[in-house]
Amino acid sequence: MALSVTSSRKSVLGNRMARHVSAFAISVFVALLWVGPTHAALQALPSLVAIADPTLGDSWVHAVEPVQATIGLNSRQLFVDEGIAKSLGLDHSTVDNSILALGVAFSISLIFVVKLARTNRRRARAAELANAVLQLQIDEKEWAEGELRNSLEVSSRLGRIVDDTSNEIYVYDVEFFRFIQVNRGARSNLGYEMKELKDLTAFEIKPEITEDAFLEIILPLWTGSTELQVFETMHRREDGSTYPVEVRLQLSRAETPPVFVEIVQDITERRNVEHERAAYSEHLEQEVEERTAELAVINGRLAYTARQAKVANEAKSEFLANMSHELRTPLNAIIGITEMLIEDAEADNPESLDPLQRVHRAGDHLLMVINDILDLSKIEAGRMELNPERFDVFGLLHDVMGTAQPLADRNDNHLVLDASEDLGDLDADPLRIKQILLNLLSNACKFTRGGEVRLSVQRRPDADGKEELRFDISDTGIGITDAQMQMLFTAFTQADSSTTRKFGGTGLGLAICRELSKMMGGGVVAESEPGKGSTFSLHLPTAAEGNGAAGLPVADQRPASYCNNGMSAGSAGTP
C-alpha cells in the first residue's frame, strides 16, 4: 500500500515538471526570436534569471555572458565558413540574434530544470516522510486492532468460563442492591430467569437475612475497613426450597459507579458431611459412655475380686505364719530323734544306719522347705523382722564357708574365699546375711560339677559415693539364658520345668534373698552366660540405714511386690 502511494505521486510530479519545462522553453524561445539587438536580449537576461531562480542572482549572468559571446562568435563563424547563412539567406545580425536567443532559452530552461529537480526532491522526501508516518499510523492501528481483538477474545473466554461455572456469581448495584448480572450457575441453582432476577434484590433470596442485617454486612466493605466478607446463610429457590451456601462478598470500585460482586458456593454436601460427622461423633460418645460404664462395672468387680484375693492371701500368710511353731516343732523332734538313732546305730546296728540317714536328710529338706515358705509368708504378711547387731564380717564369712563346704564336696567343687581379714565390722542382721550367703553358695554348688565356687568380699563406694560391702558368689556352672533371667527372682519359679526334676528346690530362695537384702538397705543382682557360669552379687551399706534394720516389719518399707522380673542375669535355680 505504501509503495503504490509513493509511485503514483512520483509519476504525477514527473509529468507536471515535463509540461512546465517544455512550455517555458518554447515561450522563451519565441519571445527572444523577436528581440532585435543583442544587447536588448542581454539586458533582459538578468530579469529572466531572477524570475526563474532568485537564489542565483548576478552570478549566473556573469557566468552566461562569456558563454553567449563564445556561442555567438562560433555560430557566426560557422554560418560564414560553411555558407549556411548564405544558403538560408540570413545576414550576420540575424544569425547572432537567433543563436543568442537559443542560448538564453537554453540557459533559462536549464535553470528551471534544476529548480524543478530540487523541488521534486524536496517533495519526494516529504512524500517519503509522509508515507512513513502514514505507514506507522497504519501499523499502530493494526496493532491496536489486534490487541483489541485479543482482549475481546480473552474477555469473551473469561465471560464464558464465569458464566458456565457451578459457583453462583452475582453483580448488583450499591444503591438498591438489585441484580445487574447473574451467571448461568446461579440461575440454574435458583431456578430463575435473568429477567426475573432483575426484579429481586440481593437479600430477598436470603431468607435468613433481613435488610438491616444485610446493611450491617456490607457496611465494613463500604467504609473500607475490610475488603472481603465471608459468611454462611441459606438461598431460597423459586420453588421455595432452600439450600446452604457460603458467600464471599466484595465491593468492586473499578466500575463507575461501584458494584457489589458476590461469589456463592453451594455447601449442601459439606453440611451433610458435618451432620454425619456430628452424628457419628455423638454415637461414639454414647458408645464410649456405655463402654465406660461397663468398664466401671468390670473394674468394680475386679477391685472386689482383688480385695477378696488380698484378704485370702493375707489369711493364708497369717495362717502359715501362725503355723510356724506347729510345723517346726514336730520336725525338730523327728530330726532330733533320728540323729539319736543314727548315733546308736553307728555303735550297735550298722545295718539300720542307711535308712536312718535317709530319714534325717528328708527331715532336713522338709524343714528347709517349711522355713522358706514360712519366711515368705512372713514377708507377705509384713511380719518379718530383723535383729541388727554389730559383728565381725570375716568371722561370719569363716562360719559360712564351713557350713557350705559339704555342699561343695557333694559335687566335687573347689570352694574358695577371696576376702581380707581386715574387712571390719558391719551393722546388720548376721543371721539374715548368713541365710542369703548360704542360699547363694548352695545354688552355685548345686549347679556346678567339678568346678570352682568363689566368694569374694570387698569394701568399695557405691554409685552415690557411699561405702558399701559387696559379696560376689561366682561359679563355673551351667549358667542361664536371657529368657530365663526374666523370671529369676519370682517366687515359686525356676529356670525351666526340668530344673526342679534334676536339681530340686522350691524356687523361693532367690526371692527371699532379694527381699531380705532390701530390708537391710541393699540388693541382689546377677550376671550369667550360658555354659560359662553365673555371678550373684549382694551389696549392703556399711551403716544401718533401712527401717528394717531397726526391727520394723518388712511391709512398712518393701515395694508393693517382693518379686522383680527385670534382672539382667541370674542362676539356673533356687534351693
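Computed from a prediction, not measured in an experiment: that's the story for all the values here. (Residues numbered from 1 in each chain as written. Predicted model: local features only at pLDDT ≥ 70, side-chain atom pairs only at ≥ 80, totals over all residues. Heavy atoms only, no water.)

With that settled, consider the sheet that holds strand E11 (residues 523-529). Strand order in the open sheet formed by five strands is E7-E9-E10-E12-E11, with mixed pairing between adjacent strands. Looking along the sheet, the strands with just one partner apiece sit at the ends: strand E7 (414-418) and E11. Strand-to-strand, the axes of this sheet are offset by a mean angle of 15°, without reference to chain direction. Pairing geometry for E7 and strand E9 (residues 452-461), over five bridges, is parallel. Residue pairing for E9: Asp 418 is matched across the bridge by Ser 456. Along the sheet face, helix H12 (residues 393-410) touches E7, E9 and strand E10 (467-475) and points at about 170° away from the line of E7. (Pairing = 2+ DSSP bridges. Helix = DSSP H or I, 4+ residues; strand = E, 2+ residues; numbered from the N terminus. Axes fitted to C-alpha atoms, helices over the stretch in contact; angles between N-to-C directions. Contact = heavy atoms within 4.5 Å.)

In this structure, Leu 397, Leu 426, Ile 433, Leu 437, Leu 441, Leu 455 and Phe 471 are the most contacted members of the largest nonpolar core, which totals 45 residues. In this structure, Leu 455 is in contact with Leu 397, Met 401, Val 416, Leu 417, Asp 418, Leu 441, Phe 471, Asp 472 and Ile 473, ignoring residues within four places of it in sequence. Among the nonpolar cores identified, the runner-up in size contains 27 residues, and Tyr 172, Phe 203, Leu 221 and Val 245 belong to it. (Core = buried A, V, L, I, M, F, W, Y, C linked by side-chain atoms within 4.5 Å. Buried < 20%, exposed > 50% of the residue type's maximum accessible area, 1.4 Å probe, protein only.)

Residues of the protein chain with pLDDT of at least 70 account for 68%, and the chain-wide mean is 74. Segment residues 1-6 is flagged for pLDDT under 50; beyond a separation of four residues in sequence, or across chains, it makes five contacts in the model. This model gives residues 70-82 a pLDDT under 50, and the stretch forms 16 contacts once residues within four places in sequence are excluded. (pLDDT = per-residue confidence, 0-100.)

Let's shift gears to the packing of aromatic side chains. In total, this model carries eight aromatic pairs according to the counting rule given. The interplanar angle of 80° and the centroid separation of 5.6 Å between the aromatic rings of Phe 177 and Phe 214 together place this pair among those described as edge-to-face. Of the two residues, Phe 177 sits in the loop between strand E1 (168-173) and strand E2 (179-182) while Phe 214 sits in helix H8 (residues 211-223), which places them 37 residues apart along the sequence. Each of the two residues, Phe 177 as well as Phe 214, counts as buried. Relative to Phe 260, the ring of Phe 177 lies with its centre 6.3 Å away and its plane at 45°, an arrangement referred to as tilted. In this pair, Phe 177 sits in the loop between E1 and E2 while Phe 260 sits in strand E5 (residues 259-266), placing the two residues 83 residues apart along the sequence. (Phe/Tyr/Trp six-rings, centres within 6.5 Å; stacked < 30°, edge-to-face > 60°.)

Time to look at a positive patch on the surface. Judged by side-chain charge, Lys 115, Arg 118, Arg 121, Arg 122, Arg 123 and Arg 125 come together as a positively charged surface patch. Tracing the backbone shows Arg 118 in helix H5 (residues 92-164). The exposure class assigned to Arg 118 is partly exposed, which follows from its relative accessible area of 42%. (Patch = residues over 30% accessible without salt bridge, like charges linked within 9 Å, V, L, I, M, F, W, Y side chains within 5 Å. Areas by Shrake-Rupley, 256 points an atom, 1.4 Å probe, with all protein chains shown as cover. Salt bridge = Lys/Arg side-chain N within 4 Å of Asp/Glu carboxyl O. Lys, Arg positive; Asp, Glu negative; His and termini not counted. Charge placed at Lys NZ, Arg CZ, Asp CG, Glu CD.)

The pairing of E9 with E10 spans nine bridges and is antiparallel. In the sheet register, Arg 459 faces E10, and the bridge partner there is Leu 469. With antiparallel pairing between neighbouring strands as the criterion, E9 and E10 make up a hairpin whose turn holds five residues, including Gly 465 at a positive phi of roughly 85°.

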